[in-house]
4 protein chains.
Amino acid sequence: MAQIVRFGVSMDAELLAAFDALIAAKGYPNRSEAVRDMVREAIVSRDWEQESSPGVAALCIVYDHDKADLPRRLARLQHHHTREITATLHVHLDEHNCLEVIILKGSPGKLRRFADQVISARGVKHGKLVMTTTGKHLH
Amino acid sequence: MAQIVRFGVSMDAELLAAFDALIAAKGYPNRSEAVRDMVREAIVSRDWEQESSPGVAALCIVYDHDKADLPRRLARLQHHHTREITATLHVHLDEHNCLEVIILKGSPGKLRRFADQVISARGVKHGKLVMTTTGKHLH
Amino acid sequence: MAQIVRFGVSMDAELLAAFDALIAAKGYPNRSEAVRDMVREAIVSRDWEQESSPGVAALCIVYDHDKADLPRRLARLQHHHTREITATLHVHLDEHNCLEVIILKGSPGKLRRFADQVISARGVKHGKLVMTTTGKHLH
Amino acid sequence: MAQIVRFGVSMDAELLAAFDALIAAKGYPNRSEAVRDMVREAIVSRDWEQESSPGVAALCIVYDHDKADLPRRLARLQHHHTREITATLHVHLDEHNCLEVIILKGSPGKLRRFADQVISARGVKHGKLVMTTTGKHLH
């Protein structure tokens, strides 16, 4: 079972006031949650930098489905990575443009290479790989 | 109908060799596609900075569905933003952890504020807002 | 005089262990200093985003001093901004390449526009604007 | 001697118009220079990611010189890295706050670790490591 511990942080009163204003603007219920979020973010960044453990990522692309036989090429590329791809969400933005979010799980290096291949494909207008976490060990 | 134009870029031979190595590593079919990708990325970044036109974004969060009545709170928060939310994809990462990707459309400021509210919620372990594009005018 | 206050942060023991490993790797003397750094970084980022108060920045450029009459053009550009420029450090990287760091003080918008002008100049190979703080109110 | 080559880029007319507006706003003299800047930026980013070759960096810190014996501790830290440090620029921001820019040359990993040590020091309020280039092979 999860065990909650408590530690003290000392801070100049003026800095704390600025912090309180910031977390109020962002909607945090309290300082602990804001500090935990910053800590988790720092840990997730470092995990991706060090490529130490399997990560979870979402690859977001916008493309024109009429272009360059793209749906078939994207489907083929994805079928070569079925072990890494968990699910794909497709949204029809307008008559031509599609947004696709591909959920990935695996080693950071592999996910980055797959993202490079998809983003570099002709007809893909914009692409971003969002690196997040399995959530394990991040309570 | 789209009209394709062509322009020349002059470059030192050594810089071009380094560029060619980079785009080969990323899988680009040719230099034009790589240049177009960099141009589109610069335009999308600027559009979000200037908050000039409606954007498309994907909010990716990882959370523990057992925590703090979170599914109900997230559902409520989302139902207050049905005009901005197009679709939501939910993936069960393990017994406790969920990945949710929320597709958003609207003014950059509004999407950022909604993301702040979701990410700051107690129980949300990690969150990132990916800012992308409607694809319009970005051929 | 500065007044130090203290507040408690509650955290899951496993997350705290990961945080402790991270701050040990980075060399922090204790958790308070690491938390204060994250808080100050969040405040500085937000100040630059909102362009609310005058900022301090360092513009770092690398250029070839033999190219395109660059030293004269850079000098002229800088002399049009003497109110914003505090000091400039010049390092001779090799026979051709120079690194110049220009310290700037002023409104975020003005500093960004000046940086755009310098970075876009012909002969400037690489440029980055580092946005930092006057240090005031950030104890 | 440097050899200039020329290659063609094909682009949709509407995308090119948006690109032209962007580079005019940033002050680029022509499209070639804007494309070269994007290419050089992509190469520098990749070099730092892959830690493949020695880099040049500027570490920018803001600190209170009255705090925690900081000038002596920073001097000592810097004297342990004289092989990496080329020069240091110091600006007195106000009665208490100092901005220091430390120019570094060496392996990316070493420069990052040195930056971590300085930024984590008690009394350093804000710190950023700007990763740039020796300028070699980047014409």
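As the structure is a computational prediction, the values presented were derived from the model and not from experiment.

Notes on the overall build of chain A
Counting its regular elements, chain A contains 4 helices and 5 strands. If you list the helices and strands of chain A from N to C, you get β-α-α-β-α-β-β-α-β. A compact globule built from 139 residues would reach a C-alpha radius of gyration of about 14 Å, whereas chain A, at 20 Å, exceeds it by more than 25%. By principal-axis analysis of the C-alpha atoms, chain A measures approximately 60 × 30 × 25 Å. Within chain A, buried positions represent 40% of all 139 residues.

Some thoughts on the interface of chain D and chain C
With 39 residues of chain D at the contact, the number on the chain C side is 39 residues. Counting only elements with at least two residues in the side of chain D that touches chain C, the list comes to α2 (31-50), β2 (55-64), β3 (85-92), β4 (97-106), α4 (108-119) and β5 (124-132) of chain D. Taken together, the residues of the side of chain D that touches chain C break down into 17 nonpolar, 10 polar and 12 charged.

Comments concerning the sheet that holds strand β3 (residues 85-92) of chain A
Within a beta sheet, neighbouring strands are joined by backbone hydrogen bonds and run either parallel or antiparallel to one another. All names here are of chain A. Strand order in the open sheet formed by 4 strands is β3-β4-β2-β5, with antiparallel pairing between adjacent strands. The open sheet has two free edges, formed respectively by β3 and β5 (124-132), since each of these has just one partner strand. For this sheet, the mean angle separating the axes of adjacent strands, direction not counted, is 15°. Across 7 bridges, β3 lies against strand β4 (residues 97-106) in antiparallel orientation. Its bridge partner lying in β4, A87 is registered against I103. Contacting β2 (55-64), β4 and β5, helix α4 (residues 108-119) runs over the sheet at an angle of about 165° to β5.

Concerning the relation of the copies chain B and chain A
For the pair chain B and chain A, the relating rotation is 180°, the translation along its axis is 0.0 Å, and the fit reaches an RMSD of 0.0 Å. The two molecules are tied by a two-fold rotation axis, judged by turn and shift. A shared interface surface links the copies, since 97% of the contact residues of chain B are contact residues in chain A too.

Concerning the interface of chain B and chain A
Bring the parts together and some accessible area is lost; that lost area is often taken as the interface size. The interface is formed by 39 residues belonging to chain B together with 38 residues belonging to chain A. At the level of secondary structure, the elements contributing two or more residues to the side of chain B that touches chain A comprise α2 (31-50), β2 (55-64), β3 (85-92), β4 (97-106), α4 (108-119) and β5 (124-132) of chain B. Along the lines of polarity and charge, the residues of the side of chain B that touches chain A split into 17 nonpolar, 10 polar and 12 charged.

Comments concerning the sheet that holds strand β3 (residues 85-92) of chain C
Residues and elements named next belong to chain C. Here we have 4 strands laid out as an open sheet, ordered β3-β4-β2-β5, and antiparallel in their pairing. Looking at strand neighbours, the two that pair on one side only are β3 and β5 (124-132), the edges of this open sheet. Averaged over neighbouring strand pairs, the angle between their axes works out to 15° when direction is ignored.

Some thoughts on the domain arrangement of chain A
According to the domain assignment, chain A contains domain 1 (13-50) and domain 2 (55-132). In this structure, domain 1 of chain A and domain 2 of chain A have C-alpha centres spaced 31 Å apart.

A closer look at the relation of the copies chain D and chain C
You can overlay chain D on chain C at an RMSD of 0.0 Å; the transform is a turn of 180° with a shift of 0.0 Å along its axis. Most of the interface of chain D is mirrored in chain C: 100% of its interface residues are interface residues there too.

Conventions adopted
Residues numbered from 1 in each chain as written. Chains lettered and ligands numbered in written order. Predicted model: local features only at pLDDT ≥ 70, side-chain atom pairs only at ≥ 80, totals over all residues. Helix = DSSP H or I, 4+ residues; strand = E, 2+ residues; numbered from the N terminus. Rg over C-alpha atoms; globule rule 2.2 N^0.38 Å. Buried ≥ 20, exposed ≤ 12 C-beta atoms within 10 Å, placed from the backbone. Contact = placed C-beta atoms within 7 Å. Nonpolar A, V, L, I, M, F, W, Y, C, P; charged D, E, K, R; others polar. Pairing = 2+ DSSP bridges. Axes fitted to C-alpha atoms, helices over the stretch in contact; angles between N-to-C directions. Least-squares fit on C-alpha atoms with pLDDT ≥ 70 in both. Domains from an automatic or database assignment.

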